[in-house]
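# Observations on the model geometry
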Amino acid sequence: MEYSANNQRYDSMEYRRCGKSGLKLSALSLGLWHNFGYVDPLENCRAILLKAFDSGITHFDLANNYGQPSGSAEENFGRILKRDLHPYRDELIISSKAGYYMWPGPYGEWGSKKYLVSSLDQSLKRMGLDYVDIFYHHRPDPDTPLEETMSALDLIVRQGKALYVGISNYQAEEAKKAIEILKKLGTPCLIHQPKYSMFVRWAEKDLLNLLGNEGVGCIPFSPLAQGLLTNKYLTHVPADSRAARHLQNGAIGEDAITPESINKAQQLAKLADERGQSLAQMALAWILKDKRITSVLVGASKPEQITDSIKCLSNYNFSDEELKRIEKILGE
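Parameters at a glance
Residues numbered from 1 in each chain as written. Predicted model: local features only at pLDDT ≥ 70, side-chain atom pairs only at ≥ 80, totals over all residues. Heavy atoms only, no water. Helix = DSSP H or I, 4+ residues; strand = E, 2+ residues; numbered from the N terminus. Contact = heavy atoms within 4.5 Å. Buried < 20%, exposed > 50% of the residue type's maximum accessible area, 1.4 Å probe, protein only. Axes fitted to C-alpha atoms, helices over the stretch in contact; angles between N-to-C directions. Left-handed = near helix turned anticlockwise from the far one by under 90°. Pairing = 2+ DSSP bridges. pLDDT = per-residue confidence, 0-100. Core = buried A, V, L, I, M, F, W, Y, C linked by side-chain atoms within 4.5 Å. Right-handed = clockwise from strand over helix to strand, strands pointing away. Phe/Tyr/Trp six-rings, centres within 6.5 Å; stacked < 30°, edge-to-face > 60°. Lys NZ or Arg CZ within 6 Å of the ring centre and 35° of its normal.

## Brief notes about the environment of L268
- Checked against the element boundaries, L268 lands in helix α8 (residues 259–274).
- For the pair L268 and P220, spaced 48 residues apart in the sequence, the C-alpha separation amounts to 20 Å.
- Once residues lying within four places of it in the same chain are set aside, the contact partners of L268 are M198, F199, L229, L279, M282, I326, I329 and L330.

Below, the structure written as structure tokens:
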């Protein structure tokens, strides 16, 4: 069936200005990190994307290595764009990134000009695009001069392959240097994409203030701590969940399921219920309460999760008492 977008798609979505730029992003953006590769049913990918756009989400966030195998999320997105969303291209913000491993040899990862330009060319081909709206350097490169990496982003904009550029996973000190270099080059840094949630709060130390002062937008990823801040793990770890596979592999990181994190999630879920929200909705609302946040990236494995996530916009105001309770829970 031919797709026709919902005529009321912009009525209930909030749009926030990205730093001091002229660009606005939907308060929720859809990340295609998981569930959009070749291993996933294409029709489900399509259903999620169209539900998002019909709900007013205009920003779709990709990277060269997204999907299984790497690159497949961009290819699947390109298929759906060509089939359904091409007439709406001027209503979409499409972003991609490069920085992680993509192909063998010395030019297949990190931050050299060779890698970044080549990778974006491949991404554009996979998605069937002439340009992306935002192109990010995905992670800092300890061995390539930051001036080279930032000059590559500047070049990409001047070539017309991206309208804006951003950075991801940069600590505050690194971000400050990158922002300064881009400013001097004449291609300002539009946005930063850090990992940030109730359980991962390093960005609060210096980064958020830096971005606010510099007029750079912020779009956190993993706002639900890879599922920890949802109802999914409140009583047990489902055998088919990503968390279960994570634990089985023995690679327990900062987002791994622990008795302490489950206890905190259970207490937060109680507060969310008092607010008339699910735990996930409150976790998203908690991030969006900060005016320095432009948008928050959500993932989805089915269309209904899009609808559920958007409900966070109905209440992202917190009383002083609620904020104190949250701090007490997180500090335990």
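Now that the structure has been shown, the text picks up again.
## Examining the environment of T258
- Checked against the element boundaries, T258 lands in the loop between α7 (242–248) and α8.
- A relative accessible area of 27% places T258 in the partly exposed class.

## Regarding the packing of helix α3 (residues 113–127) against helix α4 (residues 146–158)
- Viewed as axis vectors pointing N to C, α3 and α4 meet at an angle of 30 degrees, and their least axial separation amounts to 8 Å. Our pair here, α3 against α4, has a crossing hand that is right-handed. Across the interface between the two elements, K113, L116, V117 and L120 from α3 touch E148, T149, S151, A152, L153, L155 and I156 from α4.

## Focus: unusual backbone geometry
- Of the consecutive residues Q68 and P69, the connecting peptide bond is found in the cis state with omega at -5 degrees.
- With respect to the secondary-structure elements, P69 resides in the loop between β4 (59–61) and α2 (72–85).
- One non-glycine residue, W110, lies in positive phi territory at about 75 degrees.
- With respect to the secondary-structure elements, W110 resides in the loop between β5 (93–98) and α3.
- Residue classification places W110 among the partly exposed positions, given a relative accessible area of 29%.
- Its identity is not glycine, yet Q226 carries a phi of approximately 55 degrees, on the positive side.
- Here Q226 shows up in the loop between β9 (217–218) and α7.
- Exposure remark for Q226: the relative accessible area of 29% places this residue in the partly exposed category.

## Things to note about the sheet that holds strand β3 (residues 28–31)
- With parallel pairing, the eight strands of this open sheet are ordered in space as β9-β8-β7-β6-β5-β4-β3-β10. A strand with exactly one partner marks an edge of an open sheet, and here the two such strands are β9 and β10 (296–298).
- Bridge count between β5 and strand β6 (residues 132–137): four bridges; the pairing is parallel. In the sheet register, A98 faces β6, and the bridge partner there is H137.

## Observations regarding the confidence of the model for the protein chain
- In this model, the protein chain carries a mean pLDDT of 94, and residues with pLDDT of at least 70 account for 94%.
- Low pLDDT, under 50, characterises residues 245–255; the stretch is placed with 15 contacts to residues that sit more than four places away or in other chains.

## A word on the nonpolar core
- Of all hydrophobic cores here, the largest spans 98 residues; its most connected members are L28 and L30.
- At nine residues, helix α9 (residues 279–288) tops the list of elements feeding residues into this core.
- Within the second largest apolar cluster, 11 residues are counted, among which are L23, I134, L190 and I219.

## Looking at the pairing of β5
- Summarising burial for β5: six of the six residues are buried, a large majority.
- Relative to β5, β4 runs parallel, the two sharing three bridges. Each residue of the ladder has a partner; that of F60, found in β5, is I94.
- Traced from β4 through α2 to β5, the parallel crossover comes out right-handed.

## Some details on the packing of aromatic side chains
- For the coordinates displayed, the defined rule picks out seven aromatic pairs.
- A ring pair is formed by F53 and Y88, whose centres lie 5.4 Å apart and whose planes are at 55 degrees; its orientation type is tilted. Of the two residues, F53 sits in helix α1 (residues 42–54) while Y88 sits in the loop between α2 and β5, which places them 35 residues apart along the sequence. Each member of the pair, F53 together with Y88, is buried.
- Pairwise contacts between aromatic rings join Y3, F53 and Y88 into one cluster.
- Of note, R16 hangs over the ring of Y316, and the distance from its end group to the ring centre comes to 5.2 Å.

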